[in-house]
Amino acid sequence: MRLKKMFLPTLKESPADAEVASHRLMVRAGMIRRVAAGVYSLLPLGLRVVRNVERIVREEMTRAGAQEVTMPFVLPAELWKESGRWEVYGKEMLRFRDRHDREFCLAPTHEEAITDMVRGEVRSYRELPVNLYQIQTKFRDEIRPRFGLMRAREFIMKDAYSFHATEESAEEEYRNMYETYSRIFERCGLEFRAVEAETGPIGGSFSHEFMVLADTGEDAVASCTGCGYAANIERAEIGGRPRGSTRVVTEPGKIEKVSTPGMKSVEEVSGFLKVRPSALIKTLIYTTESGVIAALVRGDCELNESKLKRVLGTATLVLADEETVKQATGAPVGFAGPVGLKIPVYADRGVKDITSGVTGANEADAHLVNVVPGRDFDATYADLRVVREGDPCPRCAAAFEIRRGIEVGHIFKLGTKYSEAMGATFLDEKGVERPLIMGCYGIGIGRTAAAAIEQNHDDYGIIWPAPLSPFHCHMVPVNVNDRETLEVSERLYSELVEQGCEVLYDDRDERAGVKFKDADLIGIPVRITISSRTIAQGSVEVKERSSGEVRLVRIEDVARDIRGLFDKGKN
RNA sequence: CGGGGCGUGGCGCAGUCUGGUAGCGCACCUGCUUUGGGAGCAGGGAGUCGGAGGUUCGAAUCCUCUCGCCCCGACCA
């Protein structure tokens, strides 16, 4: 592609609204342009990258035995009413009416659509299993779209749905998809982790998220340095005894009330009473659909609401409002404690290790000291806190490390939630009608491209992993007004194109500096610089974007040299 | 939804407090010079100041309403 003819508007300055590298660089490199909040156009360069991700995804999905379909972006309300999600989905689903006043939505996901597609057609266990996928636009009316393609409202997603006669078959496909996803992100050249995840509102029994590791990731991933167990920080279990627990040798004294006027937070109380935060027992009052409960964690720890929810088995869990706290504890917010509480008390296991703790006294401006779990209050103990760096792994007790990640893929075992609700059944070997067992597997295509940049860039611009790069190589004739330079360049360009190399050829009459800056910004892995200076020695420069390494290559060898490079990058 | 902020040539911004000829940098066009890391000089084109209403002799600037956007938080694949 000749740059002179290409629609590639690069920017010297960064857009004001771009906070993260991928967003900033995608705009500056002329890949995307914003049309509305969370809604973007893909320019030629951006589309080429997206197509690369799609290509890898298609190849691997096909290899895994899945078949491509497409389903509509606009879906009728009836489907969602059947599954019960028309009411449940909330404002994330953009709804509207057509001219006949019929209700529709922009598809935020396609479980209903695929179940509808399959239910009429699959009748027998002989036709199972089947895995269907599409690469399609979705719309989720995010409260706060941000970070460009990373968290857009309209976005491209690969979503696959599998249907099975048996649990074993569903689990086998789950493993198959796990392997497939690992291959996909490996082929994209990304550093990632497959982590255990919360299932969220899509439902289902268990799931894994695929996280591209990057410091700017929105999620935190706890991964074990010993055995490779990895989990979303929302879910990560903590093994053994927590680090830094306060085991005190001295006999605990008698429980005692002390005055702590206006001291509510852990910092205030521990500072005021001159005790370490780890000696405090933080008491949080929550409202659930089955009543008010208290949850305890050590003062230096953070409660993990997902874990608490799972232990309680409740669907809703919200911090109680002031009024409720007052009713439950008899004290204003900030002075709750487990001693004498009449509501169920749940405590993190770390609390048990506190031999002489400080808690709220359930009255204004007072705390209790020398509080001993077991002696002064009872609680149901469980793993309830958020994992921290260095905590022990539940499998092998080695230390966890916490890293940031960008969720690019998610696989779920769905079970029969949708097939039952929507009557998608088949006849088994015995002629018994049973609901189809489903799995669902998503990859954010645009987000994967963004994550690749987030993970691979420097101060000058993008550094594409070769498999995602919009071009194989970038040719820069330093001065197109120099006859010899132009001749060599044109010849090289034809030669490279001839052998199937995708070349971005900067044939513009610009100064060298301008072209170099653009080349660094766009981030194609290999740059070929042609100038009279090296032509005099019969060669051109080949520069690697990632390392900055420059080699002189004889003109007649360039085509072969570059071919070697991009064959190696192919996979 | 709560809190904070912003809408001024394509992009980044100043001007608004204190009303009086719409400005700067980048980008763009023309010419000359320059040509290995975002060139120099000269000339030029381009803006209903987000929109509507009001106050005023006069509004980018003051008032009212409205639309859009951004940031922090709650929420989320």
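Residues numbered from 1 in each chain as written. Chains lettered and ligands numbered in written order. Predicted model: local features only at pLDDT ≥ 70, side-chain atom pairs only at ≥ 80, totals over all residues. Heavy atoms only, no water.

### A closer look at the pattern of salt bridges
Scanning all chains against the criterion turns up 43 salt bridges. With its nearest N and O atoms 2.7 Å apart, the salt bridge here joins Glu82 to Arg119. Remark: Arg119 occurs in helix H5 (residues 111–119) and Glu82 occurs in helix H3 (residues 77–83); sequence separation between them is 37 residues. Taking the relative accessible area as the measure of exposure, Glu82 reaches 35% and is therefore partly exposed. Among the residues examined, Arg119 registers a relative accessible area of 16% and is labelled buried. (Salt bridge = Lys/Arg side-chain N within 4 Å of Asp/Glu carboxyl O. Helix = DSSP H or I, 4+ residues; strand = E, 2+ residues; numbered from the N terminus. Buried < 20%, exposed > 50% of the residue type's maximum accessible area, 1.4 Å probe, protein only.)

### Description of unusual backbone geometry
Residue Leu128 is joined to Pro129 through a cis peptide bond whose omega torsion reads -5 degrees. In this structure, Pro129 sits in the loop between H5 and strand E7 (130–139). Backbone geometry places Asp365, a non-glycine residue, at a positive phi of 60 degrees. Topologically, Asp365 is positioned in the loop between strand E18 (357–360) and strand E19 (366–371). On the accessibility criterion, Asp365 (34% relative accessible area) is partly exposed.

### A few points about the sheet that holds E19
Here three strands make up an open sheet; going across it, the order is E13-E19-E18 and the pairing antiparallel. The open sheet terminates on both sides in strands that have one partner only, identified here as strand E13 (256–259) and E18. Direction aside, the axes of adjacent strands within the sheet are offset by 30 degrees on average. Where E18 lies against E19, three bridges are found, and the strand directions are antiparallel. (Pairing = 2+ DSSP bridges. Axes fitted to C-alpha atoms, helices over the stretch in contact; angles between N-to-C directions.)

### Some points on the sheet that holds strand E6 (residues 103–106)
One open sheet accounts for three strands, arranged E4-E6-E5; its pairing is antiparallel. In the strand order of this sheet, the two ends are held by strand E4 (74–76) and strand E5 (95–97), each with one partner. Going from strand to strand, the sheet's axes swing by 40 degrees on average, the running direction of each strand aside. Note that E5 and E6 share three bridges and pair antiparallel. From the neighbouring strand, Arg95 faces E6, where its bridge partner is Cys105.

### So, the packing of aromatic side chains
If you walk through the whole model with that rule in mind, you get 10 aromatic pairs. Between the aromatic rings of Trp80 and Tyr89, the centroid separation amounts to 5.9 Å while the plane-to-plane angle is 90 degrees, which identifies the pairing as edge-to-face. For the pair Trp80 and Tyr89, a shared accessibility class is recorded, and that class is buried. Here the aromatic rings of Phe185 and Phe210 are separated by 5.9 Å at their centres, their planes lie at 35 degrees, and the arrangement is tilted. In this pair, Phe185 sits in helix H6 (residues 167–187) while Phe210 sits in strand E10 (residues 207–213), placing the two residues 25 residues apart along the sequence. Since its relative accessible area comes to 0%, Phe185 is described here as buried. Judged by relative accessible area, Phe210 falls into the buried class, the value being 0%. (Phe/Tyr/Trp six-rings, centres within 6.5 Å; stacked < 30°, edge-to-face > 60°.)

### Some details on the environment of Asn456
By the secondary structure assignment, Asn456 is in the loop between helix H12 (445–455) and strand E25 (457–458). In sequence terms Asn456 and Lys342 are 114 residues apart; their C-alpha atoms lie 55 Å from each other. Leaving out residues up to four positions away in the same chain, Asn456 has contacts with Leu190, Ile462, Ile463 and Pro465. (Contact = heavy atoms within 4.5 Å.)

### Comments concerning the confidence of the model for chain A
Detailed conclusions should not be drawn from predicted coordinates in areas where pLDDT is low. On average, chain A scores 90 in pLDDT, and the residues at 70 or more come to 96%. Ranking the helices and strands of chain A by mean pLDDT puts strand E3 (residues 67–68) first, with 98, and strand E16 (residues 317–319) last, with 81. The ipTM value of the predicted complex is 0.89, and its pTM value is 0.88. (pLDDT = per-residue confidence, 0-100.)

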